[in-house]
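An overview of the molecular structure
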Amino acid sequence: WIETGTWDGLLRAEDWAKRSVLSATVGLQSSVIPRLKTIKPIIAAWALCGDERAPKRVKDWIDQLTMLSETTLPHLRPGLDIFAAQVVAWRQHQISKMKELETPAEDIPHDD
């Protein structure tokens, strides 16, 4: 889903990953074990999108992965690349906001 490059694709991929994490933490036998390889593209998509929700979504993933890695799923320990996604998310959001504030030259009043 994440490869579609759409909001819907990102949200579906994130929903699937959250369900996978939840089922693994409650110990369902049929659960798919979540892997960082699957979750990293979701975090990267949030980090790069520039949306105002992105920094919080990335932080939520970092917090959840950290908690899980310290308890039931140690293989989900976030690395520096995932922590760096938090910085990227804030930067992309800042760039997005700055673009909103830019005034095109044709919209600036002129003294003619």
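A short tour of the structure in this document, coming up.

Definitions and limits used
- Residues numbered from 1 in each chain as written.
- Predicted model: local features only at pLDDT ≥ 70, side-chain atom pairs only at ≥ 80, totals over all residues.
- Heavy atoms only, no water.
- Helix = DSSP H or I, 4+ residues; strand = E, 2+ residues; numbered from the N terminus.
- Buried < 20%, exposed > 50% of the residue type's maximum accessible area, 1.4 Å probe, protein only.
- Contact = heavy atoms within 4.5 Å.
- Areas by Shrake-Rupley, 256 points an atom, 1.4 Å probe, with all protein chains shown as cover.
- Axes fitted to C-alpha atoms, helices over the stretch in contact; angles between N-to-C directions.
- Parallel < 35°, antiparallel > 145°, perpendicular 65-115°, else oblique.
- Left-handed = near helix turned anticlockwise from the far one by under 90°.
- Nonpolar A, V, L, I, M, F, W, Y, C, P; charged D, E, K, R; others polar.
- Expected span 1.5 Å × (residues − 1).
- Arc of directions from axis to C-beta.
- Salt bridge = Lys/Arg side-chain N within 4 Å of Asp/Glu carboxyl O.
- Core = buried A, V, L, I, M, F, W, Y, C linked by side-chain atoms within 4.5 Å.

**Considerations on the overall build of the chain**
Along the backbone of the chain there are four helices and zero strands. In the chain, the order of α-helices and β-strands from amino to carboxyl end is α-α-α-α. Sorting the 112 residues of the chain into buried and exposed places 31% on the buried side. Of the contacts made within the chain by residues no fewer than 6 positions apart, 62% connect residues no fewer than 24 positions apart. Element-wise, carbon and sulfur atoms account for 58% of the exposed surface of the chain, whose accessible area totals about 7600 Å².

**Structural notes on the packing of helix 2 (residues 36-49) against helix 3 (residues 54-70)**
Between helix 2 and helix 3, whose axes approach to 8 Å, the crossing angle comes to 155°. The angle between helix 2 and helix 3 falls in the class roughly antiparallel. Crossing of helix 2 against helix 3: the hand is left-handed. Of helix 3, the residues touching helix 2 (which contributes L36, I39, I42, I43, W46, A47 and C49) are A54, R57, V58, W61 and L65. For the contact of helix 2 with helix 3, the residue count by class is eleven nonpolar, no polar and one charged.

**Here we look at helix 2**
One full turn of an α-helix is made of 3.6 residues, so residues set three or four places apart face in the same direction. Its 14 residues give helix 2 an end-to-end C-alpha distance of 20 Å, which sits within 8% of 20 Å, the value for a rise of 1.5 Å per residue. Within the sequence span of helix 2, burial applies to L36, I39, I42, I43, W46 and A47. Projected down its long axis, helix 2 shows its buried positions confined to an angular sector of 135°, all on one face. Turned more than 90 degrees from where helix 2 packs its buried face, K37 and L48 sit exposed. Where helix 2 terminates, the next one or two residues include G50, which has phi positive at roughly 80°.

**Here's the deal with the pattern of salt bridges**
Under the defined criterion, the tally for this structure stands at eight salt bridges. For D51, the salt bridge identified is with R53, shortest N-O distance 2.8 Å. Overall, R53 belongs to the partly exposed group, its relative accessible area being 38%. For E100, the salt bridge is made with K97, and the minimal N-O distance between the two is 3.5 Å.

**Points about the side chain of H93**
Residue placement: H93 occurs in helix 4 (residues 80-101). Sequence-distant contacts of H93, defined by excluding residues within four places in its chain, comprise G50, D51, E52 and P55.

**Some words on the nonpolar core**
Core analysis: the biggest nonpolar cluster contains 22 residues, and I39, I42, I43, V58, W61, L65 and L76 have the highest contact counts within it. Those residues in contact with L76, other than ones at most four positions away along the chain, are P34, R35, L36, I39, L65, L68 and S69.

**A word on helix 4**
Along its 22 residues, helix 4 runs 32 Å from first to last C-alpha, staying within 8% of the 32 Å computed at 1.5 Å per residue. Among the residues making up helix 4, those that are buried are I82, A85, Q86, A89 and H93. Where helix 4 is buried, its residues meet helix 2 and helix 3.

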